[in-house]
Amino acid sequence: MALPAAPLGKNEKKNEDKIVVSSGEVGLLQEMEEAELLKETRLSSSKESSKVSEEYYEITSDDLMDTPATFYAQFDGKVISTIGYVQEQLQEEGQSEIIAKARKHRGEDLEKAKPIVHKIALQYVLNKNLATGKNADILTSLVVNEVCGLGPIEPLWQNPFITEIMVNGSQKVRIETGGKLTTVKGARFRDEEHLLETCRQILANLGRTIDVAHPYEDGRLPDGSRINVTHPTIGNQKSYLTIRRFREEAYSMEDLVNFGSLTPDLAEFLGNMIWNGMSTVVVGPTGSGKTTLLNALSGCIQETERVITIEDNIEMTFNPKKDVISLEARKAAQGEKGSVTIRDLVKNTLRMRPDRIVVGEVRDGSAYDMLQAMNTGHDGSMTTVHANDPWGAIDRLVNLISEVGEVDSNRALSLVAGGVDLIVTIERFEDGTRKLASIAEVPARVHVTSGMAELEPLILWEYNQTGVDENGKVVGQYDKKNELSKDIIRRKRLNNKEQLPLKQIYDISKHVD
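Residues numbered from 1 in each chain as written. Predicted model: local features only at pLDDT ≥ 70, side-chain atom pairs only at ≥ 80, totals over all residues. Heavy atoms only, no water.

*Asks:* Please explain the pattern of salt bridges as it appears in this structure.
*Replies:* Pairing between side chains becomes possible if they bear opposite charge and their charged atoms approach one another. A full pass over the atoms with the stated rule returns 26 salt bridges. Asp76 serves as the salt-bridge partner of Arg188, at 2.9 Å between the closest nitrogen and oxygen. Here Arg188 is found in the loop between β3 (180-183) and α9 (192-204), whereas its partner Asp76 is found in helix α4 (residues 76-92), with 112 residues between them in sequence. In this pair, the class of Arg188 matches that of Asp76, namely buried. Between Lys492 and Asp421 there is a salt bridge; the shortest N-O distance is 3.0 Å. With a gap of 71 residues between them, Lys492 in the loop between α17 (486-491) and α18 (502-508) and Asp421 in the loop between α16 (409-419) and β12 (422-428) connect regions that are remote in the sequence. Judged on exposure class, the residue Lys492 and its partner Asp421 are both buried. (Salt bridge = Lys/Arg side-chain N within 4 Å of Asp/Glu carboxyl O. Helix = DSSP H or I, 4+ residues; strand = E, 2+ residues; numbered from the N terminus. Buried < 20%, exposed > 50% of the residue type's maximum accessible area, 1.4 Å probe, protein only.)

Below you can see the structure in the form of structure tokens.
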């Protein structure tokens, strides 16, 4: 190594011929020079590390979409060793509680925890020379996601446009965006044990567990998003994880019109039906947008009415001006009592003086209690049911009511006829869009033919798909099939009630001022 000339003293003059330096002094000077260089290097490294901790690299959902899983697989062993070191350091520095809060509450706690973990992980990666340059950034980001977040799928959840994540075993992850499903080629877990452990950690923060004795579990993340986990013992030796994003601000009727889910005419019609107390059942298959439509319709309930909502996991939101009480079903903790079912809540709600009851979904004997309420003075109540069309919805309700026992199909059909005014069907089409498929009126009386009770819905509006355009989008139009019957107009006194213009329907259905 070539050394620069030693600095001159105050009274010294440069005279290379007269300066004599011993070999020992040369060694000392060299050591001093190298020590100073090392000090400067460390100082520079420290400044750079501090800079990176403020603006550090994070793997994005786009990275996972564009990069094959084999690229990330090369970091597996290094991720494991770095996580071990990070956890030890967090313990020694007394910061484990910060990470626990981040995993449990996410949000601001997660954003506070990330730089802490990043700094420790990056230091270890560089000191151990596990990776350099961009690879060091990627490795560190993988570690941060494991320690603080949802592991390999954390970047996907950071993208607000991804509405659902479906993990089908350790090597396959799919997402829903814009109503369409896509496989994420870069998202994967190291193995099945890694996936199962990630699921356990997520559920542990919710006070729940997944094991052989509890092979499937539902839960709600801190932001309200729904989660479902299935254990390998009932999943062909694979764990399955599904997360459906919760939207903090519910869509209004105007939003649904802008999305093409329904037309302005239908929005005005439905808005007025809800405003004037028509009891409504929203039906459709899984993922069709039933809860989204129910939430938009519920925004049309009058502010003077007391509304009680009941859900498995609270998803519905209302304008704060409205008198709304939200109740949530609860599973008992492992080995404990205290579960509260939808049916329990419906029964209890009747003692809380509601004008309307809105149940997120009926899928058991709660259908009986819900329809009893609709038949006894709680006009304008609403719920959703899994079915493909109005006829399927009626059959489904009858079957659910019959599960209660001592209620035959004829009696069940009478409860449906007396309690439900409208059945609104929504569908997800092949292009991923969700559209209103039909609106049907439910007759108030059952017809008996040859000893068999029948209830035939009256289709008012129906969507007729005519084709697909050059962009692959579904095209069609709504056909008006029938007018509201004179009977329902008389029974609901619709001729004597206020009919709101479309602009007002848009305004009242907004969930924020």
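*Asks:* So what exactly am I meant to see when it comes to the environment of Tyr72 here?
*Replies:* Along the chain, Tyr72 falls in helix α3 (residues 69-73). Separated by 67 residues in the primary sequence, Tyr72 and Leu139 place their C-alpha atoms 8.6 Å from one another. Beyond its immediate stretch of four places on either side in the chain, Tyr72 contacts Ile59, Asp63, Leu64, Thr67, Ile138, Leu142, Gly186 and Arg188. (Contact = heavy atoms within 4.5 Å.)

*Asks:* Please clarify how the packing of aromatic side chains should be interpreted in this entry.
*Replies:* Aromatic ring pairs are defined here through the distance separating the ring centres and the angle between the ring planes. Using the criterion set out here, one finds six aromatic pairs in the structure. Between Tyr85 and Tyr124, the ring centres sit 4.4 Å apart and the planes meet at 20°, which makes this aromatic pair stacked. Of this pair, Tyr85 sits in helix α4 while Tyr124 sits in helix α6 (residues 107-127), placing them 39 residues apart in sequence. For Tyr85, a relative accessible area of 22% puts it in the partly exposed group. Summarising the aromatic geometry, the rings of Tyr251 and Phe259 are spaced 4.9 Å apart at their centres and angled 90° between planes, so their arrangement reads as edge-to-face. For Phe259, a relative accessible area of 47% corresponds to the partly exposed category. (Phe/Tyr/Trp six-rings, centres within 6.5 Å; stacked < 30°, edge-to-face > 60°.)

*Asks:* Teacher, can you tell me more about the confidence of the model for the chain here?
*Replies:* Reading predicted coordinates in detail is not appropriate for stretches of low pLDDT. A residue-level look at the chain finds 88% of positions with pLDDT of 70 or above and a mean pLDDT of 88. The low-confidence segment residues 1-29, where pLDDT is below 50, has nine contacts with residues more than four positions distant or belonging to other chains. Counting interchain partners and residues more than four positions distant, the pLDDT-below-50 stretch residues 37-54 has four contacts. (pLDDT = per-residue confidence, 0-100.)

*Asks:* Sorry if this is basic, but what is going on with the side chain of Ser239 here?
*Replies:* Structurally, the position occupied by Ser239 is in the loop between β5 (226-230) and β6 (240-244). By relative accessible area, Ser239 is classed as buried at 0%. Filtering out sequence-adjacent residues up to four positions away, Ser239 remains in contact with Val167, Asn168, Gly169, Glu192, Leu195, Leu196, Thr230 and Pro232.

*Asks:* Would you explain the sheet that holds strand β4 (residues 216-220) in this entry?
*Replies:* To summarise the sheet geometry, strands pair through backbone hydrogen bonds and adopt either a parallel or an antiparallel arrangement. Across the sheet, six strands lie side by side as β3-β2-β1-β6-β5-β4; this open sheet has antiparallel pairing. Each edge of the sheet is formed by a strand with only one pairing partner; in this case those strands are β3 and β4. Neighbour-to-neighbour, the strand axes of this sheet turn through a mean angle of 15°, independent of strand direction. Sheet topology note: the strand β1 (residues 164-168)/β6 ladder contains five bridges and is antiparallel. Across the sheet, residue Met166 finds its bridge partner in β6, namely Thr242. Relative to β5, α9 is tilted by about 135°, and along the sheet it contacts β1, β4, β5 and β6. (Pairing = 2+ DSSP bridges. Axes fitted to C-alpha atoms, helices over the stretch in contact; angles between N-to-C directions.)

*Asks:* Is there a simple way to explain the environment of Leu110 in this structure?
*Replies:* Its location among the elements puts Leu110 in helix α6. Spatially, the C-alpha atoms of Leu110 and Gly149 are 7.5 Å apart, while their sequence positions differ by 39 residues. In this view, Leu110 contacts Ala102, Cys148, Gly149, Glu154 and Gln158; residues no more than four positions away in its chain are not counted.

*Asks:* Just to check I follow, could you spell out the nonpolar core for this structure?
*Replies:* Ranked by size, the top nonpolar core spans 50 residues in total, and within it Val147, Ile153, Leu156, Ile165 and Leu241 carry the most contacts. No other element matches helix α7 (residues 133-148), which puts eight residues into this core. With near-sequence residues (within four places) excluded, Leu241 lies in contact with Ile153, Ile165, Met166, Val167, Cys199, Ile202, Ile227, Asn228 and Val229. Core analysis: the second largest hydrophobic core is formed by 42 residues, Leu256, Val257, Ile426 and Leu460 among them. (Core = buried A, V, L, I, M, F, W, Y, C linked by side-chain atoms within 4.5 Å.)

*Asks:* What is the right way to look at the pairing of strand β16 (residues 458-468) in this model?
*Replies:* For a regular strand, side-chain orientation follows a simple rule: the groups alternate between the two sheet faces. One ladder, built from four bridges, connects strand β13 (residues 434-441) with β16; its direction is antiparallel. By the bridge assignment, Ala440 is partnered in β16 with Ile459. In this sheet, strand β17 (residues 474-480) lies alongside β16 in antiparallel orientation, the contact comprising seven bridges. Considered in β17, the bridge of Asn464 is made with Gln477. Counting the residues that bridge the hairpin from β16 to β17 gives five residues, and of these Gly472 lies at a positive phi of roughly 80°.

*Asks:* Just to check I follow, could you spell out the sheet that holds β13 for this structure?
*Replies:* The strand order β9-β8-β10-β11-β7-β12-β13-β16-β17 describes an open sheet built from nine strands, whose pairing is mixed. Edge positions in the open sheet fall to β9 (323-328) and β17, since each of these has one partner strand only. This sheet shows a mean twist of 25° between the axes of neighbouring strands, independent of strand direction. As paired strands, strand β7 (residues 280-284) and β12 are joined by four bridges and run parallel to one another. When the sheet's bridge partners are listed, Val282 is paired in β12 with Val424.

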